Amino acid sequence: MENWDEVRTAYQVARLGTVSGAAEVLGVHHATVIRHIDAIEARLGVKLFQRHARGYTPTEAGLDLLRVAQATDDQFSQLVGRLKGQGDEVSGELVVTSLSSMAPMLAPELAEFQRMHPDLVIRYLTGERVFRLEYGEAHVALRAGNAPEQPDNVVQPFQSTKLALYASPDYVERHGPLKGVEDMVNHRFVASDNENSRAPFERWLRAQVPAENIVFRCSDAEAGHKAILAGAGIGFISLWEAASCPNLVRVMEPMDEWSGNIWIVTHVDLHRTNKVQSFIRFLKERAKDWPTC
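Residues numbered from 1 in each chain as written. Predicted model: local features only at pLDDT ≥ 70, side-chain atom pairs only at ≥ 80, totals over all residues. Heavy atoms only, no water.

Participant: Help me understand the pairing of strand β2 (residues 55-58) in this model?
Facilitator: Each regular strand carries side chains that alternate between the two faces of the sheet. The sheet contact formed by strand β1 (residues 49-52) and β2 spans four bridges and is antiparallel. Pairing of R51 across the sheet is with Y56, part of β2. From the end of β1 to the start of β2, which pair antiparallel, there are two residues. (Pairing = 2+ DSSP bridges. Helix = DSSP H or I, 4+ residues; strand = E, 2+ residues; numbered from the N terminus.)

Now the structure itself:
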């Protein structure tokens, strides 16, 4: 059937027996109901109703349509119930995305949340790519930098990220400690391969040292942190991430101008679901115990 509006109209007329009753239920003008009935009868080449002064009585063909439409209506009602039920449960998939540098803190929390909800499957997507929440690519995104401005997203402040400059013990042994900003021209650095990065600490570093001093450049933060640990140079690492690497040497204390914000971002269509709200509440509570210094 090409026009389901006509089928729905015929179903309501067969169920209620009058054009006015069907028009009221469907929220349309009675002339629309008559037009739909005439159109579907012409399309099928059969009479679905006997017209009389008291209303419309289904013919045998009309009764067949009534039975099929009733079964379809019942199936849709069951489907709506199941979908609403899924929205109330913490089950199915929960897709979370963040920068890879957040994995050391976020992965354990995701694992704990999954233990609390055994019917849940976690998909944790990391990297520089911005996943499109409006296309259903993720339920929850943790994003750094300026507050996202997409109109259909719900954006909540999560944490302020403090960073410091770190090096490996091996680097400090070979090149000596960093003695301040004026000494930076005498050291080697690890930084992003993106010279146009909008990260405040990246912009600050490029303003302080010549390009040739940035000797190790990486496309993502995790690779950069591995290079710092390997002694390639001095680089920025967040305080909470450095707390899990006791071998790192802090060579310069945090500056306010290096700090950035992390935002919890959800799409408006999924923001109020129990699954998403349960995870956001859980994560905010757990983050209170994350190291900040």
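Participant: What's the story with the side chain of Q159 in this structure? I'm lost.
Facilitator: Tracing the backbone through its elements, the reader meets Q159 in strand β6 (residues 153-161). Relative accessible area serves as the criterion here: at 19%, Q159 is assigned to the buried category. Here A287 takes part through its backbone oxygen, which lies 3.3 Å from a polar atom of the side chain of Q159. What Q159 contacts, discounting residues up to four positions off in sequence, is G260, N261, I262, A287 and W290. (Buried < 20%, exposed > 50% of the residue type's maximum accessible area, 1.4 Å probe, protein only. Polar contact = N/O pair within 3.5 Å; in protein donor to acceptor, adjacent residues only side chain to side chain. Contact = heavy atoms within 4.5 Å.)

Participant: Would you take a moment to explain helix α7 (residues 200-208) for this structure?
Facilitator: When α7 is considered as a whole, its buried residues turn out to be F201, E202, W204 and L205. Projected down its long axis, α7 carries its buried residues within an arc of 160°, all on one side. On its buried face, α7 is in contact with β7 (163-167), β8 (189-192), β10 (235-238) and β11 (249-252). (Arc of directions from axis to C-beta.)

Participant: Mind showing me how you'd approach the environment of V68 here?
Facilitator: Checked against the element boundaries, V68 lands in helix α4 (residues 60-88). A relative accessible area of 55% means that V68 is categorised as exposed. In the structure, V68 is positioned 209 residues away from Q277 in sequence and 39 Å away in space, judged by C-alpha atoms.

Participant: Honestly, the sheet that holds β11 in this entry has me stumped. Any pointers?
Facilitator: Sheets are built from strands that pair by backbone hydrogen bonding, the pairs being arranged parallel or antiparallel. If you walk across this open sheet you meet the three strands as β10-β7-β11, and the pairing is antiparallel. Only two strands of the sheet have a single partner each, and these edge strands are β10 and β11. If you compare each strand with its neighbour and ignore which way they point, the axes differ by 60° on average. Looking at chain direction, β7 and β11 are connected through three bridges and run antiparallel. The residue of β11 that forms the bridge with A167 is V249. On top of the sheet, helix α8 (residues 221-229) reaches β7 and β10; it is set at about 115° to β10, its chief contact. (Axes fitted to C-alpha atoms, helices over the stretch in contact; angles between N-to-C directions.)

Participant: Just to check I follow, could you spell out the sheet that holds strand β12 (residues 260-267) for this structure?
Facilitator: Across the sheet, five strands lie side by side as β4-β3-β5-β12-β6; this open sheet has mixed pairing. This sheet does not close on itself; its edge strands, each paired only once, are β4 (120-126) and β6. Direction aside, the axes of adjacent strands within the sheet are offset by 20° on average. In this sheet, β12 lies alongside strand β5 (residues 140-144) in antiparallel orientation, the contact comprising five bridges. The residue of β12 that forms the bridge with L142 is I264. Packing of helix α10 (residues 274-287) onto the sheet brings it into contact with β3 (92-98), β4, β5, β6 and β12, and relative to β6 it is tilted by some 15°.

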